[in-house]
Amino acid sequence: MEFVTRICRPRFWSRYLHILLSFSVLSVFLLFFHQLKPTGHDFVSNMILTGWGGSVRERSMDTTTGVLPIVFPHKEEKCSFTGSLEGIVPELPVGRARYDNRRLLRIYDYIRIGNEWEDLVSRYDLCLSTQSSLDRLYWLPQVLEKWRGPLSLAVHITSEEEWLVLNLYTRFLERCFPAFRDQVSVHLALPASLGSFCFDEDKVGNWNVTNFEEVEFQNQCHEAKEYMQFLMEAFPTTHKDKLALKEVYPQNHMRNIARKACGTDWTYSTDVDIIPREGMAEMLQAFYDEMQMQPSPCKKCAFVIPTFELEEGKEFPETKHEIVQYFRSGAARQFHGKIFDTGHKATNYLLWATTNFDDGPVKISHKVIESQTYLYEPFYISSDSIPPFDERFLGYGFTRNSQFQEALYAGWNFSVLTPVFSIHWGLQSPKTLLFPKKQGIGKNVRQEQTSANSKLFNKILKEMKLKKQEGIF
């Protein structure tokens with residue numbers, strides 16, 4: 001009777017329903033969690049596809065390659081990978097990507113993290129951020145020979161063949177260059193219009209490759225350029241639509257991807273064929289430390305690194321004294337001095353060649369020439385709070401100029417540092433500069449893109465002036 005009386009009380013049913021509801025919620029959670037877990041080892045990647053804070057970072061790392069393995073879950077529409085490619089080419093699940101603001105690119109952050117990346121980012125307050133199309137990636141070993149700090153690399157590909165080439169070339173870099181294994185984080189971008197990458201038997205058969213291990217060891221370590229050329233010829237992109245995608249390289253997207261992945265206070269944003277002087281990472285870190293010790297460190301100061309073209313065949317200059325000798329003899333000159341003099345004229349190379357000639361600690365040499373900054377496009381170090389590169393610009397022309405102008409409107413000041421510098425191999429001229437052309441059409445793509453970007457640049461300048469008048473900057 002007492003039991004019957006108890007169950008008739010509202011309090012009894014309230015507690016009973018509370019316990020039942022809690023148990024139901026717990027059951028649903030456990031079931032959902034179980035379904036999220038990978039059901040099998042579909043593919044173990046030689047590169048990672050995860051965000052910076054993902055739990056995958058807790059997995060054990062291969063200390064010989066700096067690679068974090070990840071297991072991809074089953075997908076409803078799964079691409080078939082042939083046995084000959086297994087262990088070489090990981091899948092690129094669309095669900096693991098993020099997109100740019102206009103959904104032009106599918107972006108995979110940190111597909112590879114160097115063995116010492118986290119330690120370097122904690123020790124350095126600046127990072128070199130660079131970007132490259134696949135065919136120019138062979139410059140990276142020369143950059144790493146001089147730069148010993150963290151390096152964030154964004155790579156753009158446009159086909160499954162290029163995805164294969166990137167993986168093979170990454171294995172080559174890991175095998176040959178310890179600095180790549182230790183210092184570099186790699187990020188990937190590809191056109192959002194591309195579907196999943198699939199390698200069927202017919203495609204693999206057309207390559208006439210039976211042993212991918214032989215392909216991997218085709219070239220020796222000092223043949224970085226030759227190996228890239230071999231891979232591009234062995235696995236060519238043949239689809240016309242994908243060939244067309246190669247013509248529109250999203251430079252500013254790539255610069256932003258690499259820069260934001262640095263995770264340091266300062267960044268040095270360059271192109272992959274811009275090679276810093278020996279020991280520049282350490283020199284700039286000492287300069288950073290000195291700047292932070294000032295009573296009121298400048299929050300909107302950027303510091304230009306003079307970039308020189310150097311005649312091929314010359315010894316790489318190790319000091320300011322050596323690069324100035326080349327400069328005075330004509331073996332080195334202002335970057336793009338014969339192609340687009342306005343682009344770097346404000347750096348004032350003649351004045352730079354006379355300051356801090358003892359090659360001592362990094363100092364401010366002088367201010368940039370304000371009257372020459374209309375189309376200025378320097379390479380510089382700055383806080384990551386500087387305005388991003390405008391992603392409305394696609395292809396060639398006005399990509400860095402526009403970002404510099406926005407920084408000026410936002411109140412940033414630019415000074416030139418000494419004795420640091422960087423090098424671009426070859427004395428360029430309109431006759432020697434390669435202009436990419438559309439296959440079978442013959443139109444000059446770079447000139448077309450520059451013309452279109454010029455109109456966009458003028459439009460954006462008007463926007464900036466209006467923003468300045470409205471006090472938005």
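Look above for the structure.
What you are looking at is a predicted structure, and each value in this text was computed from that prediction instead of being measured.

## Looking at empty space enclosed by the protein
- Counted under the stated rule, the structure contains two cavities of 30 Å³ or more.
- Approximately 60 Å³ is the volume attributed to the largest cavity.
- In terms of lining residues, the largest cavity is bounded by S269, E377, P378, F379, Y380, F389, R400, Q403 and F404.
- If one sorts the elements of the lining of the largest cavity by residue count, helix α15 (residues 399-409) sits on top with three residues.
- Across the lining of the largest cavity, the residue classes break down as five nonpolar, two polar and two charged.
- Roughly 30 Å³ of internal volume is contained in the second largest cavity.
- Of all the secondary structure elements, the ones that give two or more residues to the lining of the second largest cavity are β6 (266-271) and β12 (380-383).
- Of the residues that constitute the lining of the second largest cavity, the class distribution is three nonpolar, three polar and one charged.

## Quick notes on the state of the cysteines
- Counted by the stated rule, this structure contains three disulfides.
- Bridging C127 to C262, the disulfide has an S-S length of 2.3 Å. Sign of the S-S torsion, about -65 degrees for the bond between C127 and C262, identifies this disulfide as left-handed. Here the residue C127 occupies a position in strand β3 (residues 126-133), and C262 occupies one in the loop between α11 (251-260) and β6, the gap between them amounting to 135 residues. C262 matches C127 in its accessibility class, with the two residues each being buried.
- Across a sulfur-sulfur distance of 2.1 Å, C176 and C221 are joined as a disulfide pair. An S-S torsion of about -75 degrees defines the bridge between C176 and C221 as left-handed. Of the two residues, C176 is situated in helix α5 (residues 160-176) and C221 in the loop between α8 (212-216) and α9 (224-234); the sequence distance between them amounts to 45 residues.

## Describing the layout of surface pockets
- Taken as a whole, the second largest pocket holds about 400 Å³ of empty space.
- For the second largest pocket, the lining is made up of 21 residues, of which N101, N256, P388, F389 and E391 are closest to its centre.
- When residues of the lining of the second largest pocket are traced back to their parent elements, those giving at least two are β1 (98-99), α11 and α16 (445-469).
- Tallied by class, the residues present in the lining of the second largest pocket amount to eight nonpolar, three polar and 10 charged.

## Considering the pattern of salt bridges
- Using the criterion set out here, one finds 16 salt bridges in the structure.
- R123 is the salt-bridge partner of D119, the closest N and O atoms lying 3.0 Å from each other. Note that D119 and R123 are positioned in helix α3 (residues 117-123) at a spacing of four residues, about one turn of the helix.
- Judged by its relative accessible area of 48%, R123 is partly exposed.
- Across the pair E216 and R171 runs a salt bridge, and its minimum N-O distance is 3.3 Å. Here the residue E216 occupies a position in helix α8, and R171 occupies one in helix α5, the gap between them amounting to 45 residues.
- Overall, E216 belongs to the buried group, its relative accessible area being 11%.
- Each of R148, E278 and E282 takes part in salt bridges that share partners, so that together they form one network.

## Some details on the packing of aromatic side chains
- Scanning the entire structure with this criterion turns up 25 aromatic pairs.
- Ring pairing ties together the aromatic residues Y169, F172, F177, Y227 and F230, which thus form one cluster.
- Stacked on the ring of Y99, the Lys or Arg R103 has its end atom at 3.9 Å from the ring centre.
- Lying over the aromatic face of W352, K320 brings its terminal NZ or CZ to 4.0 Å of the ring centre.

## So, the environment of S129
- Here S129 is to be found in strand β3.
- Look at S129 and you get buried, because its relative accessible area is 1%.
- Between the C-alpha atoms of S129 and S269, which are 140 residues apart in sequence, the distance is 4.8 Å.
- Aside from chain neighbours lying at most four places away, what touches S129 is S152, A258, R259, C262, T267, Y268, S269 and T270.

## Some thoughts on the nonpolar core
- Core analysis: the largest hydrophobic core is formed by 102 residues, its most contacted members being L164, Y169, F235, L284 and F414.
- The leading source of residues in this core is α5, at nine residues.
- Beyond its immediate stretch of four places on either side in the chain, F414 contacts A302, V304, K367, V368, Y380, I386, F404, A407 and L408.
- Core analysis: the next-biggest nonpolar cluster, separate from the first, contains nine residues, F393, F398, F457 and M464 among them.

## Regarding unusual backbone geometry
- Here the bond from T418 into P419 is cis, since omega is 5 degrees, no more than 30 degrees from zero.
- Relative to the elements of secondary structure, P419 occurs in the loop between β13 (413-418) and β14 (422-425).
- Unlike most non-glycine residues, R103 shows phi in positive territory, near 55 degrees.
- Structurally, R103 can be placed in the loop between β1 and β2 (105-113).
- Judged by its relative accessible area of 53%, R103 falls in the exposed class.
- Backbone geometry places F398, a non-glycine residue, at a positive phi of 65 degrees.
- Mapped onto the secondary structure, F398 falls in the loop between β12 and α15.
- For F398, a relative accessible area of 16% corresponds to the buried category.

## A closer look at the side chain of T130
- Relative to the helices and strands, T130 resides in strand β3.
- Judged by its relative accessible area of 2%, T130 falls in the buried class.
- Only 3.0 Å separates the side chain of T130 from the backbone nitrogen of V272, close enough to count as a polar contact.

What counts and what doesn't
Residues numbered from 1 in each chain as written. Predicted model: local features only at pLDDT ≥ 70, side-chain atom pairs only at ≥ 80, totals over all residues. Heavy atoms only, no water. 1 Å grid on protein atoms, 1.4 Å probe; cavity = no way out; pocket = protein on both sides within 12 Å on 5 of 7 lines; lining within 4 Å. Points joined across faces, edges and corners; volume = space filled by probe spheres on them. Helix = DSSP H or I, 4+ residues; strand = E, 2+ residues; numbered from the N terminus. Nonpolar A, V, L, I, M, F, W, Y, C, P; charged D, E, K, R; others polar. Disulfide = S-S within 2.5 Å. Buried < 20%, exposed > 50% of the residue type's maximum accessible area, 1.4 Å probe, protein only. Salt bridge = Lys/Arg side-chain N within 4 Å of Asp/Glu carboxyl O. Phe/Tyr/Trp six-rings, centres within 6.5 Å; stacked < 30°, edge-to-face > 60°. Lys NZ or Arg CZ within 6 Å of the ring centre and 35° of its normal. Contact = heavy atoms within 4.5 Å. Core = buried A, V, L, I, M, F, W, Y, C linked by side-chain atoms within 4.5 Å. Polar contact = N/O pair within 3.5 Å; in protein donor to acceptor, adjacent residues only side chain to side chain.

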